[in-house]
Amino acid sequence: MSYRRDLARYAQVLAAAGRTGLAQVTSADVASYVAGLREGDDGHPPLAASSAGRAMAAVRGLHAFACAQGLTEADPARPVPPPMPPRRLPKAISITEVERLLDAAGPSPAGDGGAPGDPRSARDRALLEFLYATGARISEATGLDVDDLELNGDAAVLLDGKGGKQRVVPLGRYAAAALDAYLVRGRPALAADAKRSVAPALFLNARGGRLTRQGAWGVLRAAAQRAGVPGVSPHTLRHSFATHLLDGGADIRVVQELLGHASVTTTQVYTLVTIEKLREVYAAAHPRALG
């Protein structure tokens with residue numbers, strides 16, 4: 001039924017454009033039809049990308065059949081891309097939620113409110129501090145070796161990103177302190193439990209081997225549950241890192257380099273998050289925003 005309804009609407013659009021046969025239809029006609037589906041008209045509300053995509057599938061099937069049967073010389077729908085769904089904004093949590101998450105992972109290192117106790121607690125705090133301080137992907141963090149860190153002087157880390165592209169990212173004071181505490185008191189204890197030679201990995205599991213992506217995700221999930229911060233994913237701290245930098249006035253090109261994005265276009269999605277936040281603040285604070 002929906003297929004027939006979609007084609008009936010398509011036929012009406014073609015008739016209004018003066019197309020009396022499928023052989024007269026051009027790719028521009030098909031593209032205009034798809035745009036009309038998304039925009040709506042007097043008799044039809046705007047369609048979501050998924051509904052417009054269903055209607056487009058019916059049109060594609062019609063023209064493909066006509067071309068295969070020799071009724072038309074070409075398929076005008078083939079080069080027309082399907083409607084794209086709206087870009088989903090990255091999930092970012094507030095600075096307060098980040099602090100709760102970090103505190104739930106483990107105690108702060110000495111000098112910031114106490115010394116970490118058990119080795120895994122020290123590792124967990126160091127891992128999450130590192131992820132938020134650098135915006136690193138979890139796979140980049142678990143792939144790190146001890147030698148990739150520089151904690152003396154201007155603390156920084158060498159990250160191996162996608163496509164083998166390396167980048168140097170500075171470490172903030174809190175992350176550097178947490179990593180130092182872990183290297184002094186946490187990692188040696190985990191390495192002592194190893195049944196074979198200790199891996200050069202920075203983050204070790206309970207058996208002294210390299211912490212896996214799944215293991216790191218488990219650390220994050222457990223801390224989020226204890227902190228009462230729902231909806232946390234492996235990319236949450238990366239998204240929060242970028243969003244908070246832009247909120248603080250960082251240049252988008254700098255954020256692009258820190259995240260290791262090949263194109264600034266990928267980074268620009270975070271500016272949408274910031275703009276959305278500005279809209280919310282404006283609507284709540286301006287006396288004439290809502291009328």
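Residues numbered from 1 in each chain as written. Predicted model: local features only at pLDDT ≥ 70, side-chain atom pairs only at ≥ 80, totals over all residues. Heavy atoms only, no water.

Draft legend 1. Focus on the overall build of the protein. Scanning the protein from terminus to terminus reveals 12 helices and three strands. Considering only C-alpha atoms, the protein reaches an extent of 80 × 55 × 35 Å along its principal axes. The buried share of the protein, taken over its 291 residues, is 39%. Within the protein, contacts between residues separated by at least 24 positions form 56% of all contacts whose residues are at least 6 apart in sequence. (Helix = DSSP H or I, 4+ residues; strand = E, 2+ residues; numbered from the N terminus. Buried < 20%, exposed > 50% of the residue type's maximum accessible area, 1.4 Å probe, protein only. Contact = heavy atoms within 4.5 Å.)

Draft legend 2. Main features of the side chain of His-244. Structurally, His-244 can be placed in helix α9 (residues 236–247). At 2.8 Å, the side chain of His-244 and the backbone oxygen of Ile-93 are in polar contact. Not counting residues within four places of it along the chain, the set of residues in contact with His-244 comprises Ile-93, Ser-94, Ile-95, Val-98 and Tyr-132. (Polar contact = N/O pair within 3.5 Å; in protein donor to acceptor, adjacent residues only side chain to side chain.)

Draft legend 3. Region of interest: the pattern of salt bridges. Inspection of every chain in the model, using the stated rule, returns eight salt bridges. We note a salt bridge from Arg-54 to Asp-6, for which the minimum N-O separation is 3.1 Å. Linking Arg-54 in helix α3 (residues 49–68) with Asp-6 in helix α1 (residues 2–16), this pair joins segments that are 48 residues apart in sequence. Of the residues examined, Asp-6 reaches a relative accessible area of 7% and is grouped as buried. We note a salt bridge from Arg-125 to Asp-103, for which the minimum N-O separation is 3.0 Å. One end of the pair, Arg-125, is in helix α5 (residues 119–134); the other, Asp-103, is in helix α4 (residues 95–105), and 22 residues separate them in sequence. The structure contains a network of salt bridges with shared partners spanning Asp-103, Arg-125 and Glu-129. (Salt bridge = Lys/Arg side-chain N within 4 Å of Asp/Glu carboxyl O.)

Draft legend 4. Structural view of the nonpolar core. Among the nonpolar cores identified, the biggest contains 50 residues, and Leu-101, Leu-127, Leu-128, Phe-130, Leu-131, Leu-179 and Phe-203 are the most heavily contacted of them. Residue contributions to this core peak at seven residues, all from helix α7 (residues 173–192). Contact partners of Phe-203, with chain neighbours within four places excluded, come to Arg-123, Ala-126, Leu-127, Phe-130, Ala-141, Leu-179, Tyr-182, Gly-209, Arg-210 and Leu-211. With 13 residues, the next largest nonpolar core counts Val-25, Val-34, Ala-77 and Val-80 among its residues. (Core = buried A, V, L, I, M, F, W, Y, C linked by side-chain atoms within 4.5 Å.)

Draft legend 5. Structural context of the sheet that holds strand β1 (residues 149–150). Strand order in the open sheet made by the three strands is β1-β2-β3, with antiparallel pairing throughout. The two strands at the open ends of the sheet, each matched to only one other strand, are β1 and β3 (166–170). (Pairing = 2+ DSSP bridges.)

Draft legend 6. Local environment of the confidence of the model for the protein. Confidence along the protein averages 86 in pLDDT terms, with 90% of residues attaining 70 or more. Predicted confidence for residues 110–115 stays below pLDDT 50, and this span has 10 contacts to residues more than four positions away or in other chains. (pLDDT = per-residue confidence, 0-100.)

Draft legend 7. View of the packing of aromatic side chains. In the structure shown here, the tally under the stated rule is three aromatic pairs. Seen in terms of ring centroids, Tyr-182 and Phe-203 are 5.8 Å apart; in terms of plane orientation they differ by 20°. Their pairing is stacked. Within this pair, whereas Tyr-182 is found in helix α7, its partner Phe-203 is found in the loop between α7 and α8 (213–227), the two being separated by 21 residues in sequence. A single burial state applies to Tyr-182 and to Phe-203, both of which are buried. Cluster of aromatic residues (ring-pair linked, three or more members): Phe-130, Tyr-182 and Phe-203. Sitting over the face of the ring of Tyr-174, Arg-173 holds its NZ or CZ atom 4.5 Å from the ring centroid. (Phe/Tyr/Trp six-rings, centres within 6.5 Å; stacked < 30°, edge-to-face > 60°. Lys NZ or Arg CZ within 6 Å of the ring centre and 35° of its normal.)

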